[in-house]
Amino acid sequence: MKNCGNVKANQTNYPFILPELPFGASELEPYMSANTFAFHHCKHHLAYVNNLNKLLETSDLAGKSLEEIILAAAGNKDLVGIFNNAAQVWNHSFFWHCMKQNGGGKPTGNLLVQIEKDFGSFDDFCNAFKQAGATQFGSGWAWLAWDGSKLLIEKTANAELPMTRGMVAILTCDVWEHAYYLDYQNMRPDYLAVFLKNLVNWEFAQQNFSVCS
Ligand code: MN3
């Protein structure tokens, strides 16, 4: 479970399990602390997994894959709980892979070419990504996503994610307060800047882009 699965998600079928982090919980210090992971991974992410399994006990969606569950539940007011927990399982499993020790810097290869094409420059992309994350009101996520012909920056509320909008996630940053409050208190812009400068795993983003582009 060190590498918890493919680049789209790392979960296959019910009952879902909490994936291990793709790094040691203290390896991203000082930028993201082991204490943050003790809550964010071991409590928040685990709660989404447990809640989803509980809800699936009595649902005919239990035989579906995680992505099928998310897509089936999206927009269905009777399945809000399943959607929220399934999407948060997917989002966190994806998010852990978006970071690595000694991360940051710039992407290479065709992802960098596409970023420069769609955003003007890598710096312009960084500014737009940070702006999206800083201005997501309340809980949510900032994304780099691929819509089939171009890269977009999206911000989503709560558990919402690109796949329900017909887009492919390339990179994300969790901007729920539980992601940064222990290390950055209320300074969400500082957290987003550190995420891009010191934590981003551009190889993972490149893998995601290679699969879909
Ligand atoms: Mn979170």
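Heads up: the structure comes first, above all this text.
Keep in mind that what you see is a predicted model, and the values were worked out from it rather than measured.

**Some details on the sheet that holds strand S3 (residues 168-174)**
Now for step 1: Spatial ordering of the open sheet is given by S2-S1-S3, a layout of three strands whose pairing is antiparallel. Single-partner strands in this sheet number two, and they are strand S2 (151-157) and S3. Mean inter-strand twist for the sheet, computed between neighbouring axes without regard to direction, equals 25°.
Now for step 2: Where strand S1 (residues 140-146) meets S3, six bridges bridge the pair, whose relative direction is antiparallel. What sits directly across from Trp141, in S3, is Asp174.
Now for step 3: Strand contacts of helix H4 (residues 109-119): S1, S2 and S3, with the helix running at about 80° to S2, the strand carrying the most contacts.

**Comments concerning the side chain of His40**
Now for step 1: Within the secondary structure, His40 sits in helix H1 (residues 34-56).
Now for step 2: Within polar-contact distance, the side chain of His40 engages the side chain of His178 at 3.0 Å.
Now for step 3: In contact with His40, other than residues within four places in its own chain, are His45, His92, Phe95, Trp96, Asp174, His178 and Ala179.

**Examining the coordination of the manganese ion**
Now for step 1: For the manganese ion, every protein donor is listed as His40 (NE2), His92 (NE2), Asp174 (OD) and His178 (NE2), and the spread of their distances is 1.9 to 2.1 Å.
Now for step 2: Between the donor residues of the manganese ion, the gaps in sequence give the motif H-x51-H-x81-D-x3-H. Here His92, found in helix H3 (residues 80-97), pairs with His178, found in helix H6 (residues 177-184); they are 86 residues apart in sequence, far enough to count as distant.

**So, helix H8 (residues 202-212)**
Now for step 1: All buried positions along H8 are accounted for by Trp202, Phe204, Ala205, Gln206, Asn208 and Phe209.
Now for step 2: Considering only its buried residues, H8 is in contact with H3, H4, helix H5 (122-135), S1, S2 and S3.
Now for step 3: Sitting at the head of H8, Asn201 places a side-chain oxygen 3.2 Å from the backbone nitrogen of Glu203.

**Things to note about the nonpolar core**
Now for step 1: One finds Met99, Phe125, Tyr191, Phe195 and Trp202 to be the most contacted residues of the largest nonpolar core, which totals 64 residues.
Now for step 2: At nine residues, H3 tops the list of elements feeding residues into this core.
Now for step 3: For Phe195, the contacting residues outside a window of four places in its chain are Phe95, Cys98, Met99, Phe129, Leu171, Thr172, Cys173 and Val200.

Cut-off values and rules
Residues numbered from 1 in each chain as written. Predicted model: local features only at pLDDT ≥ 70, side-chain atom pairs only at ≥ 80, totals over all residues. Heavy atoms only, no water. Pairing = 2+ DSSP bridges. Helix = DSSP H or I, 4+ residues; strand = E, 2+ residues; numbered from the N terminus. Axes fitted to C-alpha atoms, helices over the stretch in contact; angles between N-to-C directions. Contact = heavy atoms within 4.5 Å. Polar contact = N/O pair within 3.5 Å; in protein donor to acceptor, adjacent residues only side chain to side chain. Donors = N, O, S within 2.8 Å, 3.2 Å for Na, K, Ca; no water. Buried < 20%, exposed > 50% of the residue type's maximum accessible area, 1.4 Å probe, protein only. Core = buried A, V, L, I, M, F, W, Y, C linked by side-chain atoms within 4.5 Å.

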